[in-house]
Amino acid sequence: MKTFNMTLASINDVKDFVNLVSRYDFDVDLTSGRYVVDAKSIMGIFSLNLSKPIKIEIHSDDCDEFVSQIQRFIVE
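What this report covers is the structure whose coordinates are included nearby. Just so we're clear, the structure is a prediction, and the values are computed from it rather than from any experiment.

Now for the nonpolar core. Core analysis: the largest hydrophobic core is formed by 24 residues, its most contacted members being Phe 17, Leu 30, Ile 56 and Phe 66. Contributing elements (two or more residues each) for this core: α1 (11–21), β2 (28–32), β4 (54–58) and α3 (64–69). With five residues, α1 is the single largest residue contributor to this core. With near-sequence residues (within four places) excluded, Leu 30 lies in contact with Met 6, Phe 17, Tyr 35, Val 36, Val 37, Ala 39, Ile 45, Leu 48, Ile 54, Lys 55 and Ile 56.

Structure, rendered in structure tokens:
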């Protein structure tokens, strides 16, 4: 499992992110505070507080290609 912090600053960012995540078979969760949602659910993502960074948890060890594709959303 890999964990990063990320931001989704606009509606288009959310749409692009969901399209990327949906291409992969492994599970990805997004966490904001005490809420955890499936990253493949656009409605779930919009239920989170997107004004600050959210945590992404990738439940796979073979996710380097995916991580490189979402690099623009990851914050340090």
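In terms of burial, β4 is a largely internal element, four of the five residues being buried. Pairing geometry for strand β1 (residues 2–6) and β4, over five bridges, is antiparallel. Bridge pairing in β4 places Thr 3 opposite Glu 57. Where β2 lies against β4, four bridges are found, and the strand directions are antiparallel. Opposite Asp 29, over in β4, you have Glu 57 as the bridge partner.

The subject of this paragraph is the sheet that holds strand β5 (residues 74–75). Read from one edge of the open sheet, five strands run β3-β2-β4-β1-β5, paired in antiparallel fashion. Each having just a single partner strand, β3 (35–38) and β5 make up the two edges of the open sheet.

Inspection of the entire model under this criterion finds three salt bridges. As a salt-bridge pair, Arg 72 and Asp 16 come within 3.5 Å of each other at their nearest N and O atoms. Taken together, the positions of Arg 72 in the loop between α3 and β5 and Asp 16 in helix α1 put the pair 56 residues apart, joining distant regions of the chain. With a relative accessible area of 55%, Arg 72 lands in the exposed category. We note a salt bridge from Lys 55 to Glu 57, for which the minimum N-O separation is 3.3 Å. The exposure class assigned to Lys 55 is partly exposed, which follows from its relative accessible area of 31%.

Analysis parameters
- Residues numbered from 1 in each chain as written.
- Predicted model: local features only at pLDDT ≥ 70, side-chain atom pairs only at ≥ 80, totals over all residues.
- Heavy atoms only, no water.
- Core = buried A, V, L, I, M, F, W, Y, C linked by side-chain atoms within 4.5 Å.
- Buried < 20%, exposed > 50% of the residue type's maximum accessible area, 1.4 Å probe, protein only.
- Helix = DSSP H or I, 4+ residues; strand = E, 2+ residues; numbered from the N terminus.
- Contact = heavy atoms within 4.5 Å.
- Pairing = 2+ DSSP bridges.
- Salt bridge = Lys/Arg side-chain N within 4 Å of Asp/Glu carboxyl O.

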